[in-house]
Number of protein chains: 2
Amino acid sequence: MKEYTVKKLAAIAGVSVRTLHHYDKTGILRPFKRTDAGYRVYREKELLKLQQIMFYRELEMPLNRVKVIINKAGFDMVKALENHKKCLTERNQRTKVLIRTIDKTIKSLKEKNAMLKDEELYEGFSKEEIKAIKKEVKEKYDPKMVKESYQKVAGLSKPQYDSLMKEGEDIAKEMALLLGSDPAGEKAQKVIAKHYKYLHNFYKPNPEMYKGLGDLYASDERFRAYYEKFGKNLADFMKDAIYVFAGAKKGDK
Amino acid sequence: MKEYTVKKLAAIAGVSVRTLHHYDKTGILRPFKRTDAGYRVYREKELLKLQQIMFYRELEMPLNRVKVIINKAGFDMVKALENHKKCLTERNQRTKVLIRTIDKTIKSLKEKNAMLKDEELYEGFSKEEIKAIKKEVKEKYDPKMVKESYQKVAGLSKPQYDSLMKEGEDIAKEMALLLGSDPAGEKAQKVIAKHYKYLHNFYKPNPEMYKGLGDLYASDERFRAYYEKFGKNLADFMKDAIYVFAGAKKGDK
DNA sequence: TATAAACAATGACGTAACGTCATAGTCAAG
DNA sequence: CTTGACTATGACGTTACGTCATTGTTTATA
């Protein structure tokens, strides 16, 4: 059984010794054992785990989230690898968009008649969008869903993201127009069905989760504030309508 | 002429207002003007410049270096864009290696007879290597060369990098063996010629630059320390031999 | 066996690039 | 005039290590 101390592992993995210390201290990656002298010793299992950490870091997942994910009972390494592959492929697609942006900018600079729209200058850059998405999702949806949502929307372009966010707003506006009506009424239930379907953009909801979300809308200050922008006590109305819908949905199942 | 204040520019570029403030404060991206009220106003030139900054950041270039590069007289935007394209293409290649690593790891996990060598777990990850390269280059070469060197070696795999670094060490060792002999002697000059050729891995040297490097070797504490590891006052000896070689080289030119 | 170099540990301050929030002035529309 | 959106500056906080100091441990060589 092959064992590594910090320098050897750092060398083959291409990380620093300091990083390994940091990971041990923060509990993200513990060594297999410590020698009597206090030396950290790592084995195959730790090497695989470090690989996971490195993939998550490559995809800019914050360490405190990585820690939760990979140390959870039932963590499926193969599934995680498949997900990393998907995200990396999407990143490569985005990089191709960046390269196209470069080509278009060069053409625009060289030929005075090939003007770019200002927005076109930044096509493919999505850092801030992702952050905005994460914040938006966090504010509007169950925090447990944040990670999954992140993975699902990371590949969106800005126009796609804008469109998605606008759809969410439109649904909220539609509900606001029905304030004062019966949350179990046909109209409200039609819009809520649309909302439920909309959530599929972020994660795969089920009736129980949807009810939990309704609770969250009504009880969490940030959610209330978000919906208040569209109508007075809209969060409560959403919750009521969600409960009706989710009850019916459960019956379906 | 279209003008933007911070929120509008932040929105189309996908950065935060805070980022624009930060860039202004640090002098990386100044606005076109300030209104009487103190509002920042940006125009086309600033938009193009921001695009540059964003490409450099995408490629993880530190801001203080970005500042120097793009604010230099004669900064060639088209050339820079072409260079970004090259780097992004290389990054995509590296991502493909990562994806292959994923495939191999999955196969290894699913089929117990498809064992991976430990090093194979980390193929494609290069962050620490790049950092090490930057540090190494910084320690051994003219700081002005760092950016160019970074671009030139970024695509190296770890074995390629290791090989390259070893070659550098071997040359230093060879010179150390000649300590005490004539720096203008045939043997020393033969090794120095090898050193000059070796530098081509990092940048395109010329005799004047090479002499400057010799000066740096002898005067900079880090360089001296590096060469001291191989032999007493090796840095001085290198400088002397470099001066002879560069003089002869100049004559060639 | 002694020594020196390489490897290891812990501790702690510092860094880069913003993020977050507080406070207050400015602008535009109703 | 009022209100909400936009703007400014200031300042503390965050994340993921980097850097360095100090000291113990291991290994190879003379």
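The coordinates are above.
Here goes a summary of the coordinates provided. (Residues numbered from 1 in each chain as written. Chains lettered and ligands numbered in written order. Predicted model: local features only at pLDDT ≥ 70, side-chain atom pairs only at ≥ 80, totals over all residues.)

**Description of the overall build of chain A**
Part 1 of the argument: Along the backbone of chain A there are twelve helices and two strands.
Part 2 of the argument: Mapped in sequence order, the helices and strands of chain A form the string α-α-β-β-α-α-α-α-α-α-α-α-α-α.
Part 3 of the argument: Looking at chain A as a whole, 28% of its 253 residues are labelled buried.
Part 4 of the argument: In chain A, the share of contacts with a sequence separation of at least 24, taken over all contacts with a separation of at least 6, comes to 58%. (Helix = DSSP H or I, 4+ residues; strand = E, 2+ residues; numbered from the N terminus. Buried ≥ 20, exposed ≤ 12 C-beta atoms within 10 Å, placed from the backbone. Contact = placed C-beta atoms within 7 Å.)

**Focus on the relation of the copies chain B and chain A**
Part 1 of the argument: Aligned on chain A, chain B shows an RMSD of 0.6 Å; the corresponding rotation is 180° and the shift along the axis is 0.1 Å. On the angle and the small slide along the axis, the relation comes out as a two-fold axis. Every residue of chain B has its C-alpha some distance from the rotation axis, and the shortest such distance is that of B:N92, at 2.7 Å.
Part 2 of the argument: The share of interface residues of chain B whose copies in chain A are also at the interface is 100%, consistent with both copies meeting through the same surface. (Least-squares fit on C-alpha atoms with pLDDT ≥ 70 in both.)

**A short note on the protein's contact with DNA strand C**
Part 1 of the argument: The environment of DNA strand C is formed by 19 residues, the closest being A:T5, A:K7, A:R40, B:A37 and B:P62.
Part 2 of the argument: Counted by class, the surface near DNA strand C contains five nonpolar, eight polar and six charged residues. (Near = placed C-beta within 6 Å. Nonpolar A, V, L, I, M, F, W, Y, C, P; charged D, E, K, R; others polar.)

**Regarding helix α9 (residues 186-199) of chain B**
Residue and element names in this part refer to chain B.
Part 1 of the argument: Its 14 residues give α9 an end-to-end C-alpha distance of 20 Å, which sits within 8% of 20 Å, the value for a rise of 1.5 Å per residue.
Part 2 of the argument: Within α9, the full set of buried residues consists of A188, V191, I192 and H195. Seen end-on, α9 carries its buried residues on one side only, within an arc spanning 100°. Seen from the buried face of α9, the exposed residues on the opposite side, beyond 90 degrees, are E186 and K197. (Expected span 1.5 Å × (residues − 1). Arc of directions from axis to C-beta.)

**Section: the interface of chain B and chain A**
Part 1 of the argument: At the junction of the two partners, chain B supplies 38 residues and chain A supplies 38 residues.
Part 2 of the argument: Every element with two or more residues in the side of chain B that touches chain A is listed here: α1 (6-13), α3 (44-58), α5 (77-110) and α6 (127-140) of chain B.
Part 3 of the argument: With 17 residues, the single largest contributor to the side of chain B that touches chain A is α5(B).
Part 4 of the argument: Split into classes, the residues belonging to the side of chain B that touches chain A amount to 18 nonpolar, nine polar and eleven charged.

**Topic: the protein's contact with DNA strand D**
Part 1 of the argument: What surrounds DNA strand D is a group of 20 residues, the closest being A:A37, A:P62, B:T5, B:K7 and B:R40.
Part 2 of the argument: Sorting the residues of the surface near DNA strand D by element identifies α2 (17-26) and α4 (63-70) of chain A together with α1 and α6 of chain B as the ones contributing at least two each.

**Let's talk about the packing of helix α5 (residues 77-110) of chain A against α5(B)**
Working note: a packed helix pair is described by the angle between its axes plus the distance between those axes.
Part 1 of the argument: Their axes nearest at 9 Å, the elements α5(A) and α5(B) cross at an angle of 165°. Of the possible angle classes, the one that applies to α5(A) and α5(B) is roughly antiparallel. Seen from above, α5(A) lies across α5(B) with left-handed handedness.
Part 2 of the argument: Across the contact of α5(A) with α5(B), the residue classes tally to 18 nonpolar, ten polar and six charged. (Axes fitted to C-alpha atoms, helices over the stretch in contact; angles between N-to-C directions. Parallel < 35°, antiparallel > 145°, perpendicular 65-115°, else oblique. Left-handed = near helix turned anticlockwise from the far one by under 90°.)

**Observations regarding the nonpolar core**
Residue and element names in this part refer to chain B.
Part 1 of the argument: Core analysis: the largest hydrophobic core is formed by 20 residues, its most contacted members being L9, A13, L50, I53 and M54.
Part 2 of the argument: Broken down by secondary-structure element, the contributors of at least two residues to this core are α1, α2 (17-26) and α3.
Part 3 of the argument: With six residues, the top contributor of residues to this core is α3.
Part 4 of the argument: Setting aside anything within four residues of it in sequence, one finds L9 in contact with Y4, L20 and Y42. (Core = buried A, V, L, I, M, F, W, Y, C linked by C-beta atoms within 7 Å.)

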